[in-house]
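So the chains spell out like this:
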Amino acid sequence: MISSKKQMKFNKVHYAVFCVVFLCGVLASFTFFLEERRHVNTDQKAMGVNFTEKLSDAVNQYKSELSSIVALIQSNKGEVSSNHFSRFAQNLIKTPGIHLYFAQYLPAYKKYDYELQQQILLGIPNFTIFPEGDRKEYMPLALVYPDKIPYGYDILSSKNRDIESVYQARSTFTLVASKPSATPFISAGQNDPVDTIILSAPIYLPLDARSYKLTDNIGFHGIVGAYFTIDSLLNLISPTASQGLVYRIADISSEEPIWFADSANNILWEEGHYDTHYLYIANRKWRVDTRHIVSVWKQIHWTLVITSLLAFSLLAILLFFYTRKLSVTYYTALNAVNKRIEVDELTGLSSRYHIQQKLNELIKCCHKDNKQLATLILDLDHFKTINDAFGHELGDKLLAKVSQRLLSILPDNTVIGYLGGDAFLVLLVQGDNQDMPSLDIVAKDLIEKISQSYFIDGLTLNIGCSIGVALYPEFGADAVTLIKNADMAVYQAKTAGRSTYHFYDGEMGRRFARNVRIETRLRRALQMGGLELHFQPKVDLISERCVGVEALLRWEDEELGVVSPAEFIPIAEQTGVILPLGDWVFEQAFRHILEWQEQDINVPPIAINCSAAQLKRVDFLPNLLSLLDKYQVDPSLLEIEVTESILIEDAEGCAELLRQISRLGVKLAIDDFGTGYSSLSYLKDLPFHYVKIDQVFIRDIIEDKKHAALTHAIISLGHNLNLKVIAEGITNMDQLIMLQEFGCDIGQGYLFSKALGANSMGSDPMIVALNEQEGLDKL
């Protein structure tokens, strides 16, 4: 129901709607105006960028032509005639406006000879280098195109306006550009335009050409130059690039800018907005200012701006009369939506959102009245199996039946909600002047009654449930914590075999927190290189020689300290970290084999434990082959230990994989034999080479006759099947003597050696003895 106070608001809401819509029209019009202005500015900037890029392309074209001249002279080792130069330049230059020249380096003592030579070559009887004056070295123009450039002009003369660029090109070994100046090599008047750019590139000859060419002591032969005016440069640009655009260009390489091109008067630049771009010409920096010829205001489409305001005004008037009815409809729909948020459609129970709100309210009441509150999560067992077998529609019907049964068997004051999937939440609160009901009895009763048969669509279905319980205030002071802890407890109940219940306690929380911490730190250790492989020798019990080593993982964390493999390996298997961890172990084992071989250490075969998850990967064998090829390791130096569980989970697929591995030459061993669901069939059919007796039998072999008998039986069985038997965990001589009497082939344990670091293998007595024996065998 809508209150009278809200009803009064409805009578005024249409005024608010009118104002809002009209303001939206104003805002839309203003937005269109801003967008139009932005579009104009963007277009202006894009045209300026295009103009600048075209300008850069034109300069690069000139630079390319200059580079071709440089290549011509260098490839001919400085021997280029005037006619050859002119023909080459004429064919090279595709656009007018550029003048090319070559100024040859000339030491002072060669000046006279050079002038005589040029009189003959050029046919100029009175050829002299000018401007006159004695200098330590000269650089006269020797090759020019077109012929308007005067031969013999010395660009090292102090009268050369571009002498600074000449020295810079020579010293930096790179192409340089001059600042804008008047036309070079001729006298300039005060009114001559400063619009000419000179590009200069040095010529250095190779060593084999220096002895008979005019060069300095480092092979400098002269300067190739090209000069052009800004007008000729602009003529290379397409007229469309500057259409509707005005521009001005300045050289800003020095403190004072030199403006040398302006297509508009200065008033235009002062009045309007313009964009500035920068262009780098060799060692010079140019500034290019561009803007539209007409102002921004004249380019805006005002029709669009005004039309939007009129359209919104009309819409505001129409909505003014319609809003009241719309408001009533809205609140009616809102009430319906609120109901759907609070109640789950499928089960008819409180939704996840609503029951969490309800739990927070109950926590506040229990805190106020000092009462207890039990949070139970009920999770159906094997519900996914029913979904997969009969479809989700029938699964939904089963959830609805379970919900009805919960409502029928729990007291009326119990809060029941559906969390999603196959999980339900039950909240039990201690009644007034009453003790908390026995939660063990409640949980057992729930499991018993929920597990009774359901008749749906002609099918009789049976499904069990597991329950996790978390109590307030002992194990949670808010809804999130209570639900999280109850979820941990139901996970523990499922781990314990399902169809049971479990109460959350502090130890469980600490255990879960440590497991999460171990997983996080283990992933970091993998990335940061915090893990190590140690190697424990395996000894022939008859000759007492080392016949192999087993790779064992060791981890010492900065925060957790030393973490036992017995603790972090199961966590790695549960979380999937075992896959990258297994890849790392294989990679490190192969790397260590290669390192030992490079150090001339003969190490026997290395045994690597392989998890079930690794063997199930379709790329296990390709990865193994890739490592063998990458490190060029003999497969006989590798042993793979697998547990019995993988053979039970996927006997057929695993059997074929093991056969393929065995055909490579890799030895196979069954690890922890006798501790799992041992089956003798795979011992007979599969290509195993070793059976490994778990240390749980060896540890008590002296004190426990049953362990001794089992160990003896396993050894006899292995020998009858032509398998060698390995005993692990040998710690004293009595165990060794008994195993020798039983005929055990190989042993390992602290009696012989602890696990060694990779760097200690070369100094271990057993490995040293093995290497010495290998040497004797070779002799």
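Presented here is an overview of the structure given in this document. Note that this is a predicted model, so its numbers are computed, not measured.

1. Observations concerning the overall build of the protein
Then, number 1: From N to C terminus, the protein includes 26 helices and 28 strands.
Then, number 2: For the protein, the C-alpha radius of gyration of 46 Å lies well beyond 28 Å, the compact-globule estimate for 779 residues.
Then, number 3: Principal-axis analysis of the C-alpha atoms gives the protein an extent of 125 × 110 × 50 Å.
Then, number 4: Counting across all 779 residues of the protein, residues that qualify as buried make up 45%.
Then, number 5: For the protein, contacts bridging at least 24 residues in sequence account for 67% of all contacts bridging at least 6.
Then, number 6: Just so you have it, the protein exposes about 41,100 Å², and 54% of that area is on carbon and sulfur atoms.
Then, number 7: Averaging the positions of the 72 positive and the 93 negative side-chain charges in the protein gives two centres separated by 8 Å.

2. Remarks on the pairing of strand E17 (residues 465-472)
Remark: a regular strand shows side chains that alternate across the two faces of the sheet.
Then, number 1: Buried residues dominate E17, accounting for eight of its eight residues.
Then, number 2: Side-chain alternation along E17 places Cys465, Ile467, Val469 and Leu471 on one buried face and Ser466, Gly468, Ala470 and Tyr472 on a second face that is also buried.
Then, number 3: With eight bridges joining them, strand E12 (residues 373-380) and E17 adopt antiparallel strand pairing. Its bridge partner being in E17, Asp379 is matched across the sheet by Ser466.
Then, number 4: For E17 and strand E18 (residues 501-503), the ladder comprises three bridges, and the chain directions are parallel.

3. Concerning the sheet that holds strand E8 (residues 245-251)
Then, number 1: Strands sit in the order E9-E8-E11-E10 across an open sheet of four strands; the sheet is antiparallel. Of all the strands in the sheet, just strand E9 (258-262) and strand E10 (275-281) have a single pairing partner and so form its edges. Taken pair by pair, the neighbouring strands of this sheet meet at an average axis angle of 25°, ignoring direction.
Then, number 2: With seven bridges joining them, E10 and strand E11 (residues 284-292) adopt antiparallel strand pairing. Bridge pairing in E11 places Ile281 opposite Arg284.

4. Observations regarding the environment of Leu233
Then, number 1: You can see Leu233 is positioned in helix H6 (residues 230-235).
Then, number 2: The buried category is assigned to Leu233, whose relative accessible area is 0%.
Then, number 3: In this structure, the C-alpha to C-alpha distance between Leu233 and Gly97, residues 136 residues apart in sequence, is 7.5 Å.

5. Details of the nonpolar core
Then, number 1: In terms of nonpolar packing, the biggest core is built from 78 residues, with Leu531, Phe535, Phe586, Phe590, Ile640, Ile661 and Leu739 touching the most fellow members.
Then, number 2: In terms of residue count, helix H17 (residues 578-598) provides more of this core than any other element does, nine residues in total.
Then, number 3: Apart from the residues lying within four places of it in its own chain, the contact partners of Phe590 are Leu624, Leu627, Leu628, Tyr631, Val633 and Leu638.
Then, number 4: Core analysis: the second largest hydrophobic core is formed by 69 residues, Val59, Ala142, Leu143 and Leu245 among them.

6. As for the packing of helix H11 (residues 383-390) against helix H12 (residues 392-409)
Then, number 1: Where H11 meets H12, the axes come as close as 7 Å, and the angle between the chain directions of the two elements is 140°. By the angle class used here, H11 and H12 are oblique. Facing Phe383, Ile386, Asn387 and Phe390 of H11, the residues of H12 in contact are His392, Leu394, Gly395, Leu398 and Leu399.

7. Considerations on the sheet that holds strand E7 (residues 220-229)
Then, number 1: Pairing is antiparallel across the open sheet formed by five strands, whose spatial order is E4-E1-E7-E6-E5. If you trace the sheet from one side to the other, it starts and ends with strand E4 (141-145) and strand E5 (176-177), each paired once.
Then, number 2: With four bridges connecting them, strand E1 (residues 98-104) and E4 associate as antiparallel partners. Residue pairing for E4: Leu100 is matched across the bridge by Tyr145.

8. Brief notes about the state of the cysteines
Then, number 1: Under the counting rule described, the total for this entry stands at zero disulfides.
Then, number 2: In this structure Cys366 is not part of a disulfide, and its nearest cysteine sulfur, from Cys365, lies 6.8 Å away.
Then, number 3: For Cys366, a relative accessible area of 2% corresponds to the buried category.
Then, number 4: For the unlinked cysteine Cys654, the closest cysteine sulfur is that of Cys610, found at 9.0 Å.

9. Re the environment of His84
Then, number 1: Structurally, the position occupied by His84 is in helix H2 (residues 82-92).
Then, number 2: The spacing of His84 and Leu72 is 12 residues in sequence and 9.9 Å in space, taken between C-alpha atoms.
Then, number 3: Ignoring sequence-local partners within four residues, the contact set of His84 consists of Leu72 and Asn76.

10. Let's talk about a nonpolar patch on the surface
Then, number 1: A contiguous nonpolar patch, built from Phe22, Leu23, Val26 and Leu309 and spanning about 320 Å² of accessible area, is present on the exposed surface.
Then, number 2: Looking at the nonpolar patch, the element that brings in the most residues is helix H1 (residues 4-75), giving three residues.
Then, number 3: Residue Val26 is classed as partly exposed on the basis of its relative accessible area, which comes to 38%.

11. A closer look at the pairing of E10
Then, number 1: Residues Asp275, His277, Leu279 and Ile281 line the buried face of E10, whereas the alternating positions Thr276, Tyr278 and Tyr280 sit on a face that is not buried.
Then, number 2: If you look at the hairpin formed by E10 and E11, you'll find two residues sitting between the two strands, and Ala282 has a positive phi there, around 55°.

12. Side note on the packing of aromatic side chains
Then, number 1: Evaluated as defined, the whole model comprises 18 aromatic pairs.
Then, number 2: Taken together, the ring pairs connect Tyr105, Phe173, Tyr204 and Phe220 into an aromatic cluster.
Then, number 3: The positively charged end of Lys285 is found above the aromatic ring belonging to Tyr278, 4.7 Å away from the centroid.
Then, number 4: One cation-aromatic arrangement involves Arg405 over Tyr454; the distance from NZ or CZ to the ring centre is 3.8 Å.

13. Concerning unusual backbone geometry
Then, number 1: The linkage connecting Phe130 with the following residue, Pro131, adopts the cis geometry, with an omega of -5°.
Then, number 2: Relative to the assigned elements, Pro131 resides in the loop between helix H3 (111-122) and strand E3 (137-138).
Then, number 3: Residue Pro473 is reached from Tyr472 by a cis peptide bond, and omega for that bond is 10°.
Then, number 4: If you trace the backbone, Pro473 turns up in the loop between E17 and helix H14 (479-495).
Then, number 5: Its identity as a non-glycine residue notwithstanding, Lys77 has a phi of 55°, on the positive side.
Then, number 6: Looking at the element boundaries, Lys77 is found in the loop between H1 and H2.
Then, number 7: Relative accessible area serves as the criterion here: at 31%, Lys77 is assigned to the partly exposed category.
Then, number 8: Despite not being glycine, Phe173 shows a phi value in the positive range, around 65°.
Then, number 9: Tracing the backbone through its elements, the reader meets Phe173 in the loop between helix H4 (163-172) and E5.

14. What about the pattern of salt bridges?
Then, number 1: According to the stated counting rule, one finds 27 salt bridges in the structure shown.
Then, number 2: Between Arg523 and Glu519 there is a salt bridge, and its shortest N-O distance comes to 3.1 Å. Linking Arg523 with Glu519, this pair stays in helix H15 (residues 506-528), spanning four residues, or about one helical turn.
Then, number 3: Ionic pairing is found between Lys538 and Glu639, a salt bridge with its closest N-O pair at 2.7 Å. Residue Lys538 is located in strand E19 (residues 531-540), and its partner Glu639 is located in strand E23 (residues 638-643); the two are separated by 101 residues in the primary sequence.
Then, number 4: The class of Lys538 is buried, set by a relative accessible area of 2%.

Scoring rules and cut-offs
- Residues numbered from 1 in each chain as written.
- Predicted model: local features only at pLDDT ≥ 70, side-chain atom pairs only at ≥ 80, totals over all residues.
- Heavy atoms only, no water.
- Helix = DSSP H or I, 4+ residues; strand = E, 2+ residues; numbered from the N terminus.
- Rg over C-alpha atoms; globule rule 2.2 N^0.38 Å.
- Buried < 20%, exposed > 50% of the residue type's maximum accessible area, 1.4 Å probe, protein only.
- Contact = heavy atoms within 4.5 Å.
- Areas by Shrake-Rupley, 256 points an atom, 1.4 Å probe, with all protein chains shown as cover.
- Lys, Arg positive; Asp, Glu negative; His and termini not counted.
- Charge placed at Lys NZ, Arg CZ, Asp CG, Glu CD.
- Pairing = 2+ DSSP bridges.
- Axes fitted to C-alpha atoms, helices over the stretch in contact; angles between N-to-C directions.
- Core = buried A, V, L, I, M, F, W, Y, C linked by side-chain atoms within 4.5 Å.
- Parallel < 35°, antiparallel > 145°, perpendicular 65-115°, else oblique.
- Disulfide = S-S within 2.5 Å.
- Patch = residues over 30% accessible without salt bridge, like charges linked within 9 Å, V, L, I, M, F, W, Y side chains within 5 Å.
- Salt bridge = Lys/Arg side-chain N within 4 Å of Asp/Glu carboxyl O.
- Phe/Tyr/Trp six-rings, centres within 6.5 Å; stacked < 30°, edge-to-face > 60°.
- Lys NZ or Arg CZ within 6 Å of the ring centre and 35° of its normal.

The analysis is restricted to geometry; functional conclusions fall outside its scope.
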